[in-house]
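Each chain, letter by letter, is given below.
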Amino acid sequence: MTPAQLSRTVLRAVRRVADAGAPGGAAPGAPAALPERITVGRPPRPGCGDYATNAALRLAAATGRPARSVAEELREALVREEGIAGVTVAGPGFLNITVAGAARASLVAELAGRDDEGLVAASTDPASDARRWFGATGGRVSYEQRESNPLFLVQYAHARARALLRGARDLGFGPEAGAGGHAYGDPRELALVGALAECERIAGLDDPGRLARALEEAADALLSIHGCVLPVGERKPEAAHRARLALAQAAGAVLAGGLSRLGVTAPAHV
């Protein structure tokens, strides 16, 4: 489930709750006053679900109803939706949404299935890449080949994703999102799935600086799991390896796409 798909799901729930009206027979909210779009984003803290939204606060403002009451109604509507495992109400009426493992696997499969071959460069132009990256972020141009340099971090993470795919081919296995029912529930996997979803959300906002920061977070998250993607020693590839390889492939595709948007090369090797 992509952020866009979840946004549409939340918007449908908002309209159903508005049409039902408040308990006790109060009139439904005027359609013209309701939000036309709903956005979802990263939750404020780890462990608060996969996504967060202020949809209940917006609906409460449009209908004049208590925000906490609206949030509870939206929570009840959303937990019945396919792909949503749980919803909690936080603060004055924010909703924290946890998607089902199958929905995470579906997102990984969609991202991993992108054809990014045309975005991958055999060689890079360090000077041009640095000018464009740091022009987008407003930072001081750096050519340092170390992970403290955000441009190098992102390009290196992309190259590592490509290396993992090559290594898996040498071992005779390939990526398979959700293989064996793998739900991507490990905290490191959750962090990477969330970071990729955030990159997807920000990519459509035409905000190069935010996109660069999101790519940096995704790169960090990928490098935190890359050591457990391939089997070690004489161990045979298992379902978890195929599932994590698909996640690495998805990360590589998202990083390549984001770098391309910034006019920066996505290297096959570093």
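Read on for a plain summary of the structure. This structure is a prediction, so every number in the text was calculated from the model and none was measured.

Describing the pairing of strand β3 (residues 94–99)
For strand β1 (residues 51–53) and β3, the ladder comprises three bridges, and the chain directions are antiparallel. Among the inter-strand pairings, Tyr-51 is bridged to a residue of β3, identified as Ile-97. Pairing of strand β2 (residues 84–90) with β3 involves six bridges; the strand directions are antiparallel. The residue of β3 that forms the bridge with Val-89 is Leu-95.

Comments concerning the packing of aromatic side chains
Enumeration over the complete set of coordinates arrives at one aromatic pair. The interplanar angle of 10 degrees and the centroid separation of 5.7 Å between the aromatic rings of Phe-152 and Tyr-156 together place this pair among those described as stacked. Residue Phe-152 and its partner Tyr-156 are both found in helix α6 (residues 150–171); the two are separated by four residues, about one turn of the helix. Residue classification places Phe-152 among the buried positions, given a relative accessible area of 11%.

Some points on the side chain of Ser-142
Inspection of the secondary structure puts Ser-142 in the loop between α5 (126–137) and α6. With a relative accessible area of 12%, Ser-142 lands in the buried category. Setting aside its immediate chain neighbours within four residues, Ser-142 contacts Ala-130, Phe-134 and Asn-149.

Considering the pattern of salt bridges
All told, the structure shown has 14 salt bridges when counted by the stated rule. The residue Asp-116 makes a salt bridge to Arg-162 at a minimum N-O spacing of 3.6 Å. With a gap of 46 residues between them, Asp-116 in the loop between α4 (101–112) and β4 (120–121) and Arg-162 in helix α6 connect regions that are remote in the sequence. Under the relative-accessibility criterion, Arg-162 is labelled buried at 16%. Between Arg-188 and Asp-186 there is a salt bridge, with its nearest N and O atoms 3.4 Å apart. You can call Arg-188 partly exposed: its relative accessible area is 38%.

What counts and what doesn't
- Residues numbered from 1 in each chain as written.
- Predicted model: local features only at pLDDT ≥ 70, side-chain atom pairs only at ≥ 80, totals over all residues.
- Heavy atoms only, no water.
- Pairing = 2+ DSSP bridges.
- Helix = DSSP H or I, 4+ residues; strand = E, 2+ residues; numbered from the N terminus.
- Phe/Tyr/Trp six-rings, centres within 6.5 Å; stacked < 30°, edge-to-face > 60°.
- Buried < 20%, exposed > 50% of the residue type's maximum accessible area, 1.4 Å probe, protein only.
- Contact = heavy atoms within 4.5 Å.
- Salt bridge = Lys/Arg side-chain N within 4 Å of Asp/Glu carboxyl O.

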